[in-house]
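# Per-entry structural report
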Amino acid sequence: LNTLLSACLLKLCFFVWPFSFFQTSKNQIKVDLVDENFTELKGEIAGPPDTPYEGGRYQLEIKIPETYPFNPPKVRFITKIWHPNISSVTGAICLDILKDQWAAAMTLRTVLLSLQALLAAAEPDDPQDAVVANQYKQNPEMFKQTARLWSHVYAGAPVSSPEYTRKIDKLCAMGFEKNAVIVALSSKSWDVETATELLLSN
């Protein structure tokens, strides 16, 4: 009965409150139902203009707890992304409204728009991924090129740096797996020698 009641309440939240399933062309965000009990959703956001993520489409896993809307949804990136506040390994997100700054009046639309804003304005001093945050602060141009390459490879954004692509191809030709090569080069400042050493040590 509790499960049924929770499902009914969630349905009411989504369709009567401003939590409904939506797709907006202006902000290019959408939410789709994954299962019939409203506990798992799939979100999608477009990379904001004038950022390394522009042109990419980013898939999100959204899990709705039984205590929603009094507690935040659990959200992570399914699409791999290079960003200080998002784990390049798990897709976990460091964002205040998904933690202690959540309010019951907030909506899923608020969450997706906040994630778009996070892509446009990272918080490297409160990182989820320390390696990315360090690159962001120490070498902003390299960070932009790296983030743009990840956007191209994983999110379908336009082609990025040909120099970085050549380095990826070189290591892949040595027999290393492409995703591992991208991670190694990205975390080793695109130095082929140290990236190779990392790949060989794993």
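Residues numbered from 1 in each chain as written. Predicted model: local features only at pLDDT ≥ 70, side-chain atom pairs only at ≥ 80, totals over all residues. Heavy atoms only, no water.

- An unreviewed UniProt entry annotates the protein as Ubiquitin-conjugating enzyme E2 K of Gasterosteus aculeatus aculeatus.
- Its UniProt record gives the protein a comment under Subunit (unreviewed entry), which states: "Interacts with RNF138/NARF. Interacts with BRCA1."
- Per UniProt, the protein carries the Sequence similarities (unreviewed entry) text "Belongs to the ubiquitin-conjugating enzyme family." (UniProt positions renumbered as here; feature names shortened; annotations may be inferred.)

### Focus: the side chain of Thr196
- In this fold, Thr196 is placed in helix H7 (residues 192-201).
- A residue is classified by how much of its surface remains accessible, and Thr196, at 14% relative accessible area, is buried.
- Thr196 has contacts with Leu171, Met174 and Phe176, leaving out every residue within four places of it along the chain. (Helix = DSSP H or I, 4+ residues; strand = E, 2+ residues; numbered from the N terminus. Buried < 20%, exposed > 50% of the residue type's maximum accessible area, 1.4 Å probe, protein only. Contact = heavy atoms within 4.5 Å.)

### Observations regarding the pairing of strand S3 (residues 40-46)
- Buried residues dominate S3, accounting for five of its seven residues.
- The pairing of strand S2 (residues 29-33) with S3 spans five bridges and is classified as antiparallel. Looking across to S3, one finds that Leu33 is bridged to Leu41.
- Linking S2 back to S3 in an antiparallel pair, the connection comprises six residues, with Phe38 at a positive phi of about 65°.
- Two strands pair when backbone bridges link them, and S3 and strand S4 (residues 57-63) are joined in this way by seven bridges, in the antiparallel orientation. (Pairing = 2+ DSSP bridges.)

### Description of the packing of aromatic side chains
- This structure, assessed with the given rule, holds seven aromatic pairs.
- Each ring, one from Trp82 and one from Trp150, has its centre 5.0 Å from the other, and the planes form 40°; the classification is tilted. Note that Trp82 is positioned in the loop between strand S5 (74-77) and helix H2 (108-120) and Trp150 in helix H4 (residues 140-155), a separation of 68 residues in sequence.
- A relative accessible area of 2% places Trp82 in the buried class.
- Judged by its relative accessible area of 1%, Trp150 falls in the buried class.
- In textbook terms, an aromatic cluster arises when at least three aromatic residues are bridged by ring pairs, as seen for Tyr53, Tyr58 and Phe77. (Phe/Tyr/Trp six-rings, centres within 6.5 Å; stacked < 30°, edge-to-face > 60°.)

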